[in-house]
Amino acid sequence: MRYELAPLPYTYEALEPVISKEIMKLHHDKHHAAYVAGANTALEKLEKNRAGELPDLDIKATLRDLSFHVSGHLLHELFWSIMRPVGSEYKPIPALEEAIIKSFGTFEAFQKQFSSVAKSVEGSGWAVLYATPTKELVMMSIEKHNLNHLPAFTPVLALDVWEHAYYLDYRNDRAAYVDKWWSIVNWDEVAKRISEVSVL
Ligand code: MN
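Computed from a predicted structure; not experimentally measured.

(A) The arrangement of the overall build of the protein chain in detail. Within the protein chain, the secondary structure is distributed over seven helices and three strands. Ordered by position from N to C terminus, the α and β elements of the protein chain give α-α-α-α-β-β-β-α-α-α. The C-alpha atoms of the protein chain give 18 Å as radius of gyration, which agrees with the globular expectation for 200 residues (16 Å, within 12%). If one aligns the C-alpha atoms of the protein chain with their principal axes, the spans along those axes are about 55 × 40 × 30 Å. Out of the 200 residues belonging to the protein chain, those deemed buried represent 44%. For the protein chain, contacts bridging at least 24 residues in sequence account for 67% of all contacts bridging at least 6. Carbon together with sulfur atoms contributes 53% to the accessible area of the protein chain, which is approximately 10300 Å² in total. Both charge centroids of the protein chain, one from 21 positive and one from 27 negative side chains, sit 1 Å from each other.

Encoded structure:
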């Protein structure tokens, strides 16, 4: 199998002024592309090892590499999809809001805690909302791209807080980036992803 880099679902400047065209170009064309390439390289190494080439392959390191790059690739695909151009204020559809209220008490409490998760990620990582097989929503902070994932839970909302995601626009002010990011969340896409795992 091979992974591929899909184009963004909107133009590079579509998320301005929250995220600049410059960041989007670098982030998608360089960073995301590197995760796709890294995932494919790791897969090729494993394939060669099975075929008898690369007999001394460090399997442990290669799998760690595969985990990092595949997770990086899939989280970026999710990240692009759950954002949309700045437009009129809109909130989740009622079914999604209900699901959020059921799991977190109020929408505001969810938003505040998710922001705290994003702001408190140490170094590079993500704030992620998962839908669980028991029809609940839980949040988690992922370190790098691949540490702290919850097995069998499906990521439905992800916020990239690696410095490459905001530094050109916000310098060291990650909190400002996180606070503004809410205005470009594509709630319809989040609801769609949750409904696919039957939570809604
Ligand atoms: Mn990123």
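(B) A look at the packing of aromatic side chains. Scanning the entire structure with this criterion turns up 18 aromatic pairs. With a centroid separation of 5.7 Å and 55° between ring planes, the pair formed by Tyr170 and Tyr177 is classed as tilted. Residue Tyr170 is classed as buried on the basis of its relative accessible area, which comes to 11%. On the basis of relative accessible area, Tyr177 is assigned to the buried category, the value being 0%. Members of the aromatic cluster, joined through ring pairs, are Phe104, Phe107, Phe110, Phe114, Trp181, Trp182 and Trp187. The ring of Tyr12 is capped by Lys25, whose NZ or CZ atom sits 4.2 Å from the centre of that ring.

(C) Just the coordination of the manganese ion, in detail. For the manganese ion, the protein coordination sphere consists of His27 (NE2), His76 (NE2), Asp160 (OD) and His164 (NE2), at 1.9 to 2.1 Å. Mapped onto the sequence, the residues coordinating the manganese ion show the spacing H-x48-H-x83-D-x3-H.

(D) Structural view of the sheet that holds strand S1 (residues 125-131). Reading across from one edge, S2-S1-S3 is the order of the three strands in this open sheet, with antiparallel pairing throughout. The open sheet has two edge strands with one neighbour each: strand S2 (137-143) and strand S3 (154-160). Averaged over all adjacent pairs, the angle separating strand axes in this sheet is 25°, with direction ignored. Taken together, the six bridges between S1 and S3 define a ladder with antiparallel strand orientation.

Calculation criteria
- Residues numbered from 1 in each chain as written.
- Predicted model: local features only at pLDDT ≥ 70, side-chain atom pairs only at ≥ 80, totals over all residues.
- Heavy atoms only, no water.
- Helix = DSSP H or I, 4+ residues; strand = E, 2+ residues; numbered from the N terminus.
- Rg over C-alpha atoms; globule rule 2.2 N^0.38 Å.
- Buried < 20%, exposed > 50% of the residue type's maximum accessible area, 1.4 Å probe, protein only.
- Contact = heavy atoms within 4.5 Å.
- Areas by Shrake-Rupley, 256 points an atom, 1.4 Å probe, with all protein chains shown as cover.
- Lys, Arg positive; Asp, Glu negative; His and termini not counted.
- Charge placed at Lys NZ, Arg CZ, Asp CG, Glu CD.
- Phe/Tyr/Trp six-rings, centres within 6.5 Å; stacked < 30°, edge-to-face > 60°.
- Lys NZ or Arg CZ within 6 Å of the ring centre and 35° of its normal.
- Donors = N, O, S within 2.8 Å, 3.2 Å for Na, K, Ca; no water.
- Pairing = 2+ DSSP bridges.
- Axes fitted to C-alpha atoms, helices over the stretch in contact; angles between N-to-C directions.

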